[in-house]
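# Chain and residue survey
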Amino acid sequence: MYIRYSKVFLVWAIALHSSIVVFNNLTDYNSNYWFVVHVLKMDTTFPDNLGMWRAIDVSALHHIFYWIIILTETAIAILCWWGGARLFKTRKEIDRFNEAKGVTIAGLTLGMVLWFTGFISIGGEWFLMWQSDVWDGRQAAFRLVVIFGIVLLYLARPDEPQQP
C-alpha cells in the first residue's frame, strides 16, 4: 500500500510543480516571455552562425509559442492532479489502481514531450539555445525530463498484491 501512496504523492508533487510554473508564467508573464523571445530570435547565439535563417523575429509568433508552452504546462498540471486523484481513489484495489494510471501517464508523457522535444530538441538544437550563455534552458529542461521520466517508469510498473 505504501508504494501506491508513494506513486500518488509523486504525481501530485509534479502536479504542484506544474501548477506553480503556470501560475508564475501568468502572473509574471514577461519574465519567461523574454526567454522565449530570445531563444526564437537567436540573438544570443554565436555571431555569424549559419543557422540564423531559422530565427523567428515576429512578436505575434513569440506570444503564440509562449501560449503553447503555458497551455501545455496547464494540461500537464490538470492531468496530473486528476490522475493523482484517480489513483488515490482506487489505492485500495490493485486492479483498479493499475487501470487508473492512464490519465497520469498521459500527463507525465506530455511533460516529457514539452521539456524534451520542446526545450531540449527544438529550443536547444533547432534554435541553437546551447550557444547562448544567457538563455540556455537545457539543463533545467533536462532535470524535469529526468524527474518526469523516473516517476513515469515508477508509476507504470504494475502494482501487485503485498506479500506477507
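Residues numbered from 1 in each chain as written. Predicted model: local features only at pLDDT ≥ 70, side-chain atom pairs only at ≥ 80, totals over all residues. Heavy atoms only, no water.

Let us look at helix H1 (residues 2-27). Taking 1.5 Å per residue as the helical rise, H1 with its 26 residues ought to reach 38 Å, and the 37 Å between its terminal C-alpha atoms agrees with that figure. All of the buried residues along H1 are Arg4, Lys7, Val8, Val11, Ile14, Ala15, Ser18, Val21, Val22 and Asn25. Considering only its buried residues, H1 is in contact with helix H2 (29-41), helix H3 (59-89), helix H4 (94-99), helix H5 (101-126) and helix H6 (138-156). (Helix = DSSP H or I, 4+ residues; strand = E, 2+ residues; numbered from the N terminus. Expected span 1.5 Å × (residues − 1). Buried < 20%, exposed > 50% of the residue type's maximum accessible area, 1.4 Å probe, protein only. Contact = heavy atoms within 4.5 Å.)

Before going further, it helps to spend a moment on the environment of Pro161. Mapped onto the fold, Pro161 is located in the segment after H6. Taking the C-alpha atoms as reference points, Pro161 and Lys101, separated by 60 residues in sequence, lie 17 Å from one another.

Our focus in this paragraph is the nonpolar core. Among the nonpolar cores identified, the biggest contains 36 residues, and Cys80, Leu87, Leu108, Trp115, Phe119 and Phe148 are the most heavily contacted of them. For this core, the secondary-structure elements that each account for two or more residues are H1, H2, H3, H5 and H6. Those residues in contact with Trp115 that sit more than four places away from it in its chain are Glu73, Ile120, Ala141, Leu144, Val145 and Phe148. (Core = buried A, V, L, I, M, F, W, Y, C linked by side-chain atoms within 4.5 Å.)

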